[in-house]
Amino acid sequence: MRRETWISFGFMAAGLFLVVAAWFGDEPFTITLATKVVILSLAGVGLNLALGHGGLVSLGHAAFFGLGGYAMGILASHAQSFEPLMIGAWALEGTKSMPLIWLVAMLVAALFALPIGVLSLRTSGVYFIMITLAFAQMIYYFAISWPAYGGEDGMSIYVRNSFPGLNTLDPIQFFILCALILAICLVLVDRLVKSRFGMALEAARQNPQRVTSLGIDTFKLQLTAFVISAAITGLAGALYADLNRFVSPSMLSWQVSGEIMIFVILGGVARFAGPLAGATVFIALEHFLGGLTEFWQIWLGLLLLVVILFARGGIIGVLAGERRHG
Amino acid sequence: MGEVVLSLDRLSKRFGALLANEDVSLDLCEGEIHALIGPNGAGKSTLVKQVAGEIRPDGGSIIFDGQLINGLNTAARARAGLGRTFQVSSLISEFSVLQNVMLAVQGQQGNTFQFFRRFSSDAELGKLAGQTIEELDLQDRADVPVSQLSHGERRQLEMACALALKPRALLLDEPLAGIGPAGSQHMTQLLKKLKQQVPILLIEHDMAAVFELADRISVMVYGRIITTGTAHEIRNNKQVQEAYLGQEAS
């Protein structure tokens, strides 16, 4: 096995060990913190597909994260109030079932990503960054000014949604559920990246002219990757809202887009466990340094600077000692 | 001469005040190498880009394999069987030689949207790509990343990628440029062999190679084709000598 694979699995094993220790030590707060890391990693796994493998630097992934969150919030709030959700003449029941909510969250994120991708992929480089940001901001301001679901204040869901056979309010059970989803997504994305589609996507990142001359449409490749990437980040959004039992426009804000991007870059662009390492370090800094000083982000900034200047492969890249992505 | 595979009819392209191509008509037949020569800035590369679909002509038509392909984009033209190499090598530099050719085979098969099966252990892709690599004597370099290849090897690999597409016609933009005398001879032999399989539209500055290889030569000056003929006819054409060959001899 390659060194990077060992490091990735070692890293995950260490994380699991900490959680098990926290469980035996009866520290639910640590477990919840770990759950947050897992969910944010999942958002990063989504972005990593577009940014790392596809070379599509999206600064709008908060839109999909937030849309996933609102999909959960809206469905659960209708289940809470027993009022059907009216879409035109259609009346839909709300739901508290996690699997159903996840499906809707992914679908909604994908449905938004499709037109956003079609329009954004006409551009590249800085323009792509700006146009994805612009779309995300539009959705952000829409959420703020839409009073039906809390507007600027957001809305609370009083009881965590349910998963058949589990008590999701028990921190360790919810953690295991989220960790399993992350594991499944990691495996699926890894397969995808190494498939015919993934190799063509990777090739299109490096040299679109070559890929086109082989009769492969780079636009279709990148749009597909963008939509899948959005769906994964949307799923993470639904889980995140469930973790906090709260959803608000702040999930849609551009700071969140930036944070997801930091997970990917800090951990290692296009690395299997990159988003995990990035999100772990980010949350650890926020938690421990944030406890010491309000200005913890200065240290985060410094760390990011060091990674970008001296370790282009991110944390995983430094540990694995192999260069990829020039 | 065999049947016409590619036919350009009165193609024109203007960039502002510059008329890059004016009423260019040219055809490429089965079994031949048709060379396009002309001084720098004559509009040869503009013509290649129009045929490949990178730029749209202002007027005229491109008929390939009996079909008007003006409306097709670059990828669709490649799928239709138009293979090409670039003036400056254009490869996937982090991929190995084998992976580059495998991707070309994948393009030819047209089944890129498979999400689960591993690319690297795809026996079908590997087998077809391996055959093409052997045809071009690159089998010893199969696992070497492109970034470590010599310039001549990159040229060979580009050719391998183009051939893996099983093209109906090849557009080669200066395949001999910068690969040295030995590489040049090797490539010339290869092109001679290749033209039996697929007709070639060859843009090249190496006159010795052009006169050795080409069945027909078209001469382009200031965006127009001034004459088309066999190597012998072109060598003895006064107009051509003035416009092009004379300058080189002096």
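To be clear, the structure that these remarks concern was listed above.
Residues numbered from 1 in each chain as written. Chains lettered and ligands numbered in written order. Predicted model: local features only at pLDDT ≥ 70, side-chain atom pairs only at ≥ 80, totals over all residues. Heavy atoms only, no water.

A. Structural detail: the sheet that holds strand β2 (residues 18-29) of chain B. Residue and element names in this part refer to chain B. Reading across from one edge, β2-β1-β4-β5 is the order of the four strands in this open sheet, with antiparallel pairing throughout. Of all the strands in the sheet, just β2 and β5 (67-68) have a single pairing partner and so form its edges. As defined by bridge partners, strand β1 (residues 4-15) adjoins strand β4 (residues 59-64) across five bridges and the pair is classed as antiparallel. What sits directly across from D9, in β4, is S61. Where helix α1 (residues 44-52) meets the sheet, it contacts β1, β2 and β4, and its direction lies at approximately 120° from that of β1. (Pairing = 2+ DSSP bridges. Helix = DSSP H or I, 4+ residues; strand = E, 2+ residues; numbered from the N terminus. Contact = heavy atoms within 4.5 Å. Axes fitted to C-alpha atoms, helices over the stretch in contact; angles between N-to-C directions.)

B. Expanded view of the interface of chain A and chain B. Contact with chain A, which involves 30 residues of that partner, is made by 37 residues of chain B. Between chain A and chain B lies a buried interface of about 2900 Å² when both sides are counted; carbon and sulfur atoms form 57% of it. Linking chain A with chain B are four salt bridges. Where A:R196 meets B:D122, a salt bridge forms, and the shortest distance between an N and an O atom there is 2.9 Å. Counting across the interface, chain A meets chain B through 17 residue pairs in polar contact (both at pLDDT 80 or more). Broken down by secondary-structure element, the contributors of at least two residues to the side of chain A that touches chain B are α6 (171-193), α7 (196-206), α8 (208-213) and α9 (218-244) of chain A. Counted by class, the side of chain A that touches chain B contains eleven nonpolar, ten polar and nine charged residues. (Buried area = accessible area lost by both parts, 1.4 Å probe. Salt bridge = Lys/Arg side-chain N within 4 Å of Asp/Glu carboxyl O. Polar contact = N/O pair within 3.5 Å; in protein donor to acceptor, adjacent residues only side chain to side chain. Nonpolar A, V, L, I, M, F, W, Y, C, P; charged D, E, K, R; others polar.)

C. How the structure looks around helix α11 (residues 274-292) of chain A. Taking 1.5 Å per residue, 19 residues should reach 27 Å; α11(A) reaches 27 Å between its end C-alpha atoms and fits that length. All buried positions along α11(A) are accounted for by A:G274, A:P275, A:L276, A:A277, A:G278, A:A279, A:F282, A:I283 and A:L285. (Expected span 1.5 Å × (residues − 1). Buried < 20%, exposed > 50% of the residue type's maximum accessible area, 1.4 Å probe, protein only.)

D. Up close: the environment of B:F211. Relative to the helices and strands, B:F211 resides in helix α7 (residues 207-213). Overall, the relative accessible area of 15% leaves B:F211 in the buried class.

E. Seen up close, the pattern of salt bridges. On inspection of all chains with the given rule, the structure shows 22 salt bridges over all chains. With its nearest N and O atoms 3.7 Å apart, the salt bridge here joins B:E94 to A:R205. Taken together, the residues B:E94 in the loop between β6 (82-85) and α3 (97-109) and A:R205 in helix α7 connect one chain to another. When the shortest N-O distance is used, the salt bridge between B:E22 and B:R224 registers 3.1 Å. Taken together, the positions of B:E22 in strand β2 and B:R224 in strand β10 (residues 224-229) put the pair 202 residues apart, joining distant regions of the chain.

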